[in-house]
Amino acid sequence: MRKIKGHIFTLFLLLIATNTFGATFFSGFTGGKINYSSNIESEKYDPDLKLQAFFQGQFNFSENSWSHIELSIDTSDLLNEKLFHSTPADFSIDEISFIQKAKIDSTTNYFSVFMGTYDPIGSDIFLRRYFAAQSIASKITESWLGLAGSILYPHFGLGVSDVVRFYKQPMAAGCYFYINHEDDKYFVFNADLRYACMYRLFTMDFAGGIGAPLADKNNGEDVILTVNKLYWHAGTTMLIGNAFTQSLFIQAGINNAPFTKSSGTFYISQEEIYLLFEPRFRISDVHCNISLFSLPQNTVNQLLFVSDSLGVNLNIYTDSISWGSKRFTVGSQFSYSLANKYFMDLKDIKNWDKNAFSINLAPYCSTNVMSGELHILGTVKFMNFINHKWYDAFSTDIGFRTSF
């Protein structure tokens, strides 16, 4: 049923694009990254080459109407014996949306119909879209599976939204109504509210809402649908200061905390809590960010610089190195992290396995090449020298991202 709805919605967008082809303008972003490492599960040296890529496009049908589409792919090893036959990969249609803009007095209203993940909480994509802001996201949450990067909780499903951008004050507010199938048994109806503001020394994006699983008739009662429990979710991104000052970046969120009448309270699993606390320092042209994090494992699996759920990261970089006409960003990240641990486990730190941790060093650089950005990253996992063979400790990522 979900596939049928997806095909119908895609066909609808294509029909709109066809009918307005003469006035349509297309722009977007695309990027890809290859990762070269060794397979630590193999008894001998077994190189792995994996690809992550995304495509995000915007179709402008007129000045006041446009649509978004975003796709991503994550492959398994491209160097297997079936390279020229088939390679397993995860393909995702991350977003398909249609937006209609209307100016009303000193505000602008954006009404949207969407499928997939739209304006996700935890990403700064909402701030970039509605405030034309530069990215404020943490470097450790970088991902090559789309523009959004890390997500506290997604506005995921089939739904509508309405966002109002105020111009007398740098603020925006909105509401989202959508249905998804995150519950294993039932469709879930979600209703969320959102507020964001961007001042010179303070930026905030906050959203929260509830999800209600829509069950069938229960115990033979003469009802159409019943709601046996509710899910609560909320998240915020804050930056105190700005890119030109010392600042503090904070992200916090909770996803799908259930509430039932019998319990009377919300049950919050620490595995679903997202915490990132990042003081940012700037000394002349050198940036120094210290990140303390406790992240859900599903989030960790999507990220480039984070390998475990709980840890601390030091990122030192400069973006003012020039060579001829080219400008470079050069830096290095050093991280200490623990797998399957979360911030609430800190109370039992004396009982932890003293050898169950990771120490990683990740030098990186990026520069403009042609009309895009080239990124190069090398990672050294020091604990793999002890737990595995020496060549399992090294990996390399090369990526390219461009707009059009």
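Here, every reference points to the structure presented above.
The structure displayed is predicted, hence computed values, not measured ones.

A. Highlighting the pattern of salt bridges. Per the stated rule, a full pass over the model turns up seven salt bridges. Across the salt bridge formed by Asp397 and Lys33, the nearest N and O atoms sit 2.8 Å from each other. Taken together, the positions of Asp397 in strand β18 (residues 394-403) and Lys33 in strand β1 (residues 25-38) put the pair 364 residues apart, joining distant regions of the chain. Of the two residues examined, Asp397 and Lys33, each falls in the buried class. Among the salt bridges present, the one from Glu278 reaches Arg280, with a minimum N-O distance of 2.7 Å. Residue classification places Glu278 among the buried positions, given a relative accessible area of 1%. Linked through salt bridges whose partners overlap, the residues forming this network are Glu95, Asp119 and Arg129.

B. Up close: the pairing of strand β5 (residues 107-117). The buried fraction of β5 amounts to nine of the 11 residues, a majority that puts the element mostly inside the structure. One ladder, built from 10 bridges, connects strand β4 (residues 89-104) with β5; its direction is antiparallel. Across the sheet, the residue bridging to Ile104 is Thr107, located in β5. Adjacent in sequence and paired antiparallel, β4 and β5 are bridged by two residues, among which Asp105 carries a positive phi angle near 55°. Two elements, β5 and strand β6 (residues 156-166), share 11 bridges in a ladder whose sense is antiparallel. Looking across to β6, one finds that Val113 is bridged to Val160.

Reading the values: the criteria
- Residues numbered from 1 in each chain as written.
- Predicted model: local features only at pLDDT ≥ 70, side-chain atom pairs only at ≥ 80, totals over all residues.
- Heavy atoms only, no water.
- Salt bridge = Lys/Arg side-chain N within 4 Å of Asp/Glu carboxyl O.
- Helix = DSSP H or I, 4+ residues; strand = E, 2+ residues; numbered from the N terminus.
- Buried < 20%, exposed > 50% of the residue type's maximum accessible area, 1.4 Å probe, protein only.
- Pairing = 2+ DSSP bridges.

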